[in-house]
Amino acid sequence: MADYKTLRTTMVDTQVRPSDVTKFPVIDAMLAVPREAFVPRERRDMAYVGAHVSLDAGRVVLEPRTLAKMLDFLDIRGDELVLDIGAGLGYGAAVMARMAEAVIALEDDASRISEAQTALSEHGADNVVMHEGELSAGAPEHGPYDVILVEGGVETMPEAILAQLKDGGRIACLFQEGALGVVRIGYKIDGEVHWRFAFNAGAPVLPGFEKHHAFTL
C-alpha cells in the first residue's frame with residue numbers, strides 16, 4: 001500500500017519548494033491536503049508525480065508545481081472569497097480552502113461535482129461550495145471575488161469573468177499561446193485588469209475559453 005504522506009512530503013520538497021514557492025500557507029496546505037483523494041481512483045498512483053493527472057473530456061488536475069506557483073503569486077488571505085474555475089475533483093479548492101475564508105468551486109459536469117463534494121466533505125473542506133455551471137460564465141451570484149483562479153488553459157478571457165473580480169482583486173490564468181503557455185496574474189485597479197507575467201507552464205484549454213478563428217477561403 002502506498003505511503004501517501006511520504007509521497008506528499010516528497011512532492012513538496014522536490015516539486016514545490018524548488019520552484020520558488022515560498023509562502024508558508026501554500027506549502028502547509030499542500031502538505032496537509034491528500035492529493036490522492038482528489039484524482040480518479042484508478043490514477044491514484046499518479047497523484048504525486050510532477051505532471052497533470054488526466055480526468056475525462058480532456059480535463060486535468062493541474063501539476064503540483066503549476067498550482068503551487070499560481071497560489072504563491074495570488075497570496076490568498078484568510079478573509080478572502082475565491083472563485084475556482086474548472087475545479088475538477090476539488091483538489092485546488094481543498095488547498096485554497098485552508099487559506100481563504102470561502103471558495104466557490106465552479107464545474108460544468110454533475111458527476112465531477114458529486115465526486116468533489118464527497119472528497120471535500122470527507123477531508124473537512126467545509127468552506128468550499130461546489131457550483132455547477134458554464135465555466136466561461138463564472139458564478140456571478142456568489143461574487144464579487146477577491147481572488148479568481150482558472151485551473152486550465154485559456155486562449156481568451158471572457159469579460160464576464162473579469163467583471164466578477166473585486167477592485168483590488170487578483171486573477172491567475174494560464175494563457176495558451178500556440179505551443180507555449182504563460183501564467184499571468186491580473187490585478188484589478190479602478191475597474192481595469194492589468195496583467196503581469198508570472199512563469200511558463202502549459203495545460204489543456206478549458207471549454208469556453210477557446211479563441212474562435214474566423215473562417216476564410
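These numbers come from a predicted model, not from an experiment. Think of each chain on its own: its residues are numbered from 1, step by step along the sequence as written. Reporting of local features is limited, given that this is a predicted model, to residues whose pLDDT is at least 70; pairs of side-chain atoms are given and counted only at 80 or more, and all residues count toward the totals for whole chains, interfaces and linings. By convention in this description, side-chain values take in all heavy atoms of the structure and omit both hydrogens and water.

### Some words on the sheet that holds strand 6 (residues 145–154)
What counts is decided by this rule: The pairing criterion for strands is at least two bridges between them, as found by DSSP. Where helices and strands are cited, they refer to DSSP runs of H or I of at least four residues and of E of at least two residues respectively, numbered from the N terminus. Only the contacting stretch of a helix is used when fitting its axis, a line to C-alpha atoms as for every element, and angles between N-to-C directions run 0 to 180 degrees. Contacts: residue pairs with any heavy atoms within 4.5 Å of one another.
Overall, mixed pairing links the seven strands, which are arranged 5-4-3-6-7-8-9 in an open sheet. The open sheet has two edge strands with one neighbour each: strand 5 (128–132) and strand 9 (192–200). This sheet shows a mean twist of 20° between the axes of neighbouring strands, independent of strand direction. Two strands pair when backbone bridges link them, and strand 6 and strand 7 (residues 165–177) are joined in this way by six bridges, in the parallel orientation. Note that in strand 7 the partner of Tyr145 across the bridge is Leu165. Against the sheet, helix 3 (residues 64–74) engages strand 6, strand 7, strand 8 (180–189) and strand 9, with an angle of about 155° to strand 6.

### Topic: helix 1 (residues 4–16)
Heads up, the condition is: Residue burial is assigned from relative accessible area. The probe radius is 1.4 Å, only protein chains are included, and a residue is buried under 20% of its type maximum, exposed over 50%, and partly exposed in between. This arc describes the spread of directions from the helix axis toward the C-beta atoms.
What helix 1 keeps buried is the set Arg8, Met11, Val12, Gln15 and Val16. Down the axis of helix 1, the sector holding all buried residues measures 110°, keeping them to one side.

### Re the packing of helix 1 against helix 2 (residues 24–32)
Spelled out, the test is: In this scheme the handedness of a crossing depends on how the near helix is turned from the far one: anticlockwise by less than a right angle means left-handed, clockwise means right-handed. Only Asp, Glu, Lys and Arg are considered charged, only Ala, Val, Leu, Ile, Met, Phe, Trp, Tyr, Cys and Pro nonpolar, and every remaining residue, Gly among them, polar.
It is at 8 Å that the axes of helix 1 and helix 2 come closest, and there the two elements cross at 145°. The hand of the helix 1/helix 2 crossing is right-handed. Contacts between helix 1 and helix 2 pair Arg8, Thr9, Met11, Val12 and Val16 from the former with Ile27, Met30, Leu31 and Ala32 from the latter. Taken together, the residues that form the contact of helix 1 with helix 2 break down as seven nonpolar, one polar and one charged.

### As for the pattern of salt bridges
The condition that has to hold: Salt-bridge detection follows one rule: a side-chain nitrogen of Lys or Arg within 4 Å of a carboxyl oxygen of Asp or Glu.
Under the defined criterion, the tally for this structure stands at 13 salt bridges. Between Arg8 and Glu36 there is a salt bridge; the shortest N-O distance is 3.5 Å. Here Glu36 lies in the loop between helix 2 and strand 1 (53–54) and Arg8 lies in helix 1, a separation of 28 residues in the sequence. Here Arg8 matches Glu36 in class, with each residue buried. Put simply, Asp56, Arg59, Glu107, Asp108 and Arg112 are held in one network by salt bridges that share partners.

### Let's talk about the pairing of strand 8
Sheet topology places strand 7 next to strand 8; eight bridges connect them, and they run antiparallel. Among the inter-strand pairings, Ala172 is bridged to a residue of strand 8, identified as Ile185. Linking strand 7 back to strand 8 in an antiparallel pair, the connection comprises two residues, with Gly178 at a positive phi of about 70°. As defined by bridge partners, strand 8 adjoins strand 9 across eight bridges and the pair is classed as antiparallel. Bridge pairing in strand 9 links Ile185 to Arg196. The turn linking strand 8 back onto strand 9 is made up of two residues, and Asp190 within it adopts a positive phi angle of 50°.

### With respect to unusual backbone geometry
In the segment running from Gly143 into Pro144, the intervening peptide bond is cis, with an omega of 5°. Looking at the element boundaries, Pro144 is found in the loop between strand 5 and strand 6. A positive phi angle, close to 65°, is found at Asp20, a residue other than glycine. Relative to the elements of secondary structure, Asp20 occurs in the loop between helix 1 and helix 2. Its identity is not glycine, yet Asp75 carries a phi of approximately 50°, on the positive side. Relative to the helices and strands, Asp75 is located in the loop between helix 3 and strand 3 (81–85).

### Quick word on the nonpolar core
Selection rule: The set of buried Ala, Val, Leu, Ile, Met, Phe, Trp, Tyr and Cys residues whose side-chain atoms join them within 4.5 Å is what this entry labels a nonpolar core.
Counting residues in hydrophobic clusters, the biggest one holds 54 residues, and the most contacted among them are Met30, Leu71, Ile76 and Tyr91. Sorting elements by how many residues they give to this core places helix 4 (residues 91–97) first, with six residues. Once residues lying within four places of it in the same chain are set aside, the contact partners of Ile76 are Leu71, Val82, Met96, Met99, Ala100, Val147 and Arg170.

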